[in-house]
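Coordinates in review
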Amino acid sequence: MEKTFVMLKSDGLKRGLLGEVISRIEKKGYKVLGLKIQRLTKEQLDKHYYEHLERPYFPSLVEYVTSGPVVHMVIGGDNVISGIRKLNGATDPEKAEMGSIRGDLAINMTKNLIHASDSLENAEREIALYFSPDEIVE
Ligand code: CDP
Ligand code: MG
């Protein structure tokens, strides 16, 4: 089964949106294969978002994601990597379609509520950053 990595960013738990987000993922037909709540350090985010280290928004992204606990998920299903990206909607919540998670539940480009891997390579890399194999069910 194809797997992807999803992170509910820090305002998700604060705003009580974990159930809503998991519900949308499950209703679509994807399976939750791994789940954990964690506070992230800047060092973890440097690895996670290594492609963005030099971007002007990186400091505010780090401040946002480290401002409270996040929820990590391994999600499985057919073509789940592109499917969850569609479910999430565009990076900028103002451009994200209504009906998508970001379109319905977020308004700020940095505070866009949710992350999902963008490729098979990044899905494998990001899952390995946060989960050991025995924390994922098949
Ligand atoms: O999360 P996604 O893959 O849709 O977007 P990205 O281009 O990989 O950017 C990673 C994250 O950086 C986004 O989800 C935003 O939280 C943040 N970002 C930002 O604050 N301002 C931008 N101009 C682009 C991204
Ligand atoms: Mg990305």
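Residues numbered from 1 in each chain as written. Chains lettered and ligands numbered in written order. Predicted model: local features only at pLDDT ≥ 70, side-chain atom pairs only at ≥ 80, totals over all residues. Heavy atoms only, no water.

**Let's talk about the site of ligand 1**
- Around ligand 1 sit Lys9, Tyr49, His52, Tyr57, Leu61, Arg85, Thr91, Arg102, Met109, Thr110 and Asn112, and those are all the residues in its vicinity.
- Between an oxygen atom of ligand 1 and a side-chain N or O atom of threonine 91, the distance comes to 2.5 Å.
- Taken by itself ligand 1 offers 500 Å² of open surface, and the protein chains cover 82% of this.
- A molecule is said to occupy a pocket when more than half its atoms come within 2 Å of that pocket's grid points, and by this definition ligand 1 occupies the largest pocket.
- Residues belonging to the shell around ligand 1 are distributed by class as follows: 4 nonpolar, 4 polar and 3 charged. (Near = heavy atom within 4 Å. Polar contact = N/O pair within 3.5 Å; in protein donor to acceptor, adjacent residues only side chain to side chain. Areas by Shrake-Rupley, 256 points an atom, 1.4 Å probe, with all protein chains shown as cover. 1 Å grid on protein atoms, 1.4 Å probe; cavity = no way out; pocket = protein on both sides within 12 Å on 5 of 7 lines; lining within 4 Å. Sits in = over half its atoms within 2 Å of the grid points. Nonpolar A, V, L, I, M, F, W, Y, C, P; charged D, E, K, R; others polar.)

**Considering the pairing of strand β3 (residues 70–76)**
- Most of β3 is tucked away, with 7 of its 7 residues classed as buried.
- Taking every second residue as pointing to the same face, both faces of β3 are buried, with Val70, His72, Val74 and Gly76 on one and Val71, Met73 and Ile75 on the other.
- Pairing of strand β1 (residues 3–8) with β3, which is carried by 6 bridges, proceeds in the antiparallel orientation. Looking at the pairing, lysine 3 lines up with glycine 76 of β3.
- Sheet topology places strand β2 (residues 31–38) next to β3; 7 bridges connect them, and they run antiparallel. Its bridge partner lying in β3, isoleucine 37 is registered against valine 71. (Buried < 20%, exposed > 50% of the residue type's maximum accessible area, 1.4 Å probe, protein only. Helix = DSSP H or I, 4+ residues; strand = E, 2+ residues; numbered from the N terminus. Pairing = 2+ DSSP bridges.)

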